[in-house]
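One-letter residues, chain by chain:
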Amino acid sequence: MNVRRSAAVLAATAVIGAAAPAAADPSPSPSAVLPSGQYGPADPTYDGVWRQSLALLAQHTVGVRPAPKAVDWLLRQQCANGAFAPFRADAAKPCDAKTMVDTNNTAAAVQALTALGGHDAAAGKAVDWLKSVQNEDGGWGYAPGGASDTNSTSVVVGALAAAGEKPADVVKGGKSPYDALLGLALPCEGEDGGAFAFQPDKKGELAANADATAAGVLGALGKGLVVEVGEKTGTAAKTSCADTGRATPERAAANGVAYLTKSLAGKGHLTLAGAGGPDFGNTADAVVALAAYGATDRAGTSLDWLRKNSAAWAKQSGPAAYAQLILASHATGADPRDFGGRNLVEQLNATGPAPRSGTAAEDGGKDQKDEKDQKDEQKDDSSPFGVWWYVGVCLIVGIGFGFLLSGRNRKQQP
């Protein structure tokens, strides 16, 4: 799902009046000291936890045992209150009001840690934090307290489901995450009927967003970043948008699938907003969303397009891009080790510390260190809700908007 954070950060920027520059050069700065255990050579300041989480999740999904130091790296990024920031350069230093934690990195980390197993305490603290920053409409924004958006709400729904929670029962102000998502779904009339918007605009109107729609379908279905093969939640025969009776998450997901099917028709890919070129990352996300609903034939068509065209994009974008392609392959039952002549698993593994030999099944996943052995001595006595948070968001966008997108940093043509 994954320029989810891009739209979320843009919204946060709009609130504080900062201007977003063009995407930054994805190479690390000359002064950057890359941490041991990190995936990808780029500076992790703006997307470290996101891309680390996707890499670990994709490896686990295909039976690869990540290197312990890669998991340790992720665990050390957690604040004592349970939240994750994109990157903490000094993990031994307690988080404070200046630490720029967010819902997207936190939710992605939850999904990775629960998949790996043995990290219940860390994942539980993160889930508790996510619940604590839920909005009155039932949803989440990228920043704690920020206006709810489809992308952030959906990735948090995936984290809740992964952690064994029932998203429908996670309520704030009498509203669940599904209420928030339904409020962001467009009715069927009009050319863009059935799509999800990212957020209402200043006039309260909804505009279709393909990225948000791919995220919204998964969120409405209660699914996370990993969709198992054959895990059909919807009825694939329903290909047209329909407003029938009371709105339900299932109907909203079906309508979103209809919109994605229309958007992908002919080309096989989604298109970058404003740029006109292929949107590789969001196409991969759309494949997962279609597969989750049961529209595997339609998902397969776009996966075939990615097989033929995504090599340069993935090489440029790094570990999160390889992870997205692996998860799209997995959702459709395809082999990520034979992806248009490329072995995506080997390519992902090469971006980080060498994984352990053998498979996760051979040791039941118990060889990972429990988070109790990590930085439990961290203290975080300060709230992340002060003015420094908003200054931090502004800084993120102003310095390197492109970095923040890296797992979702797909909006570049090869």
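The shown structure was predicted, so the numbers you read here are calculated from the model rather than taken from an experiment.

K.L.:
When you look at the overall build of the protein chain in this model, what are you seeing that I'm missing?
P.N.:
Counting its secondary structure elements, the protein chain contains 15 helices and four strands. Across the 414 residues of the protein chain, 57% fall into the buried class. For the protein chain, the share of sequence-separated contacts (at least 6 apart) that also reach a separation of at least 24 residues comes to 70%. When the accessible surface of the protein chain is totalled, it reaches about 15,700 Å², and 52% of it is carbon and sulfur.

K.L.:
How should the side chain of N255 be read in this particular structure?
P.N.:
Along the chain, the position of N255 falls in helix α9 (residues 249-264). For N255, a relative accessible area of 5% gives the class buried. If near-sequence neighbours (up to four positions away) are discounted, N255 is found in contact with C188, G194, S240, C241, A242 and D243.

K.L.:
Teacher, can you tell me more about the environment of A163 here?
P.N.:
Note on placement: A163 falls in the loop between α6 (150-162) and α7 (177-182). Apart from the residues within four sequence positions on either side, A163 is in contact with V110, T114 and V127.

K.L.:
Looking at this structure, how should I read the packing of α6 against helix α8 (residues 210-220)?
P.N.:
Packed helices, taken two at a time, are described by the angle their axes make and the gap between the axes. It is the contact of α6 with α8, at a shortest axis distance of 8 Å, that shows an interaxial angle of 30 degrees. Considering the angle they form, α6 stands roughly parallel to α8. Between α6 and α8 lies a crossing of left-handed hand. Only D211, A212, A215, G216 and G219 of α8 make contact with α6, whose side of the interface consists of T150, N151, S154 and V157. Residues that form the contact of α6 with α8 fall into these classes: three nonpolar, five polar and one charged.

Parameters at a glance
Residues numbered from 1 in each chain as written. Predicted model: local features only at pLDDT ≥ 70, side-chain atom pairs only at ≥ 80, totals over all residues. Heavy atoms only, no water. Helix = DSSP H or I, 4+ residues; strand = E, 2+ residues; numbered from the N terminus. Buried < 20%, exposed > 50% of the residue type's maximum accessible area, 1.4 Å probe, protein only. Contact = heavy atoms within 4.5 Å. Areas by Shrake-Rupley, 256 points an atom, 1.4 Å probe, with all protein chains shown as cover. Axes fitted to C-alpha atoms, helices over the stretch in contact; angles between N-to-C directions. Parallel < 35°, antiparallel > 145°, perpendicular 65-115°, else oblique. Left-handed = near helix turned anticlockwise from the far one by under 90°. Nonpolar A, V, L, I, M, F, W, Y, C, P; charged D, E, K, R; others polar.

All we've got here are geometric facts, nothing functional implied.
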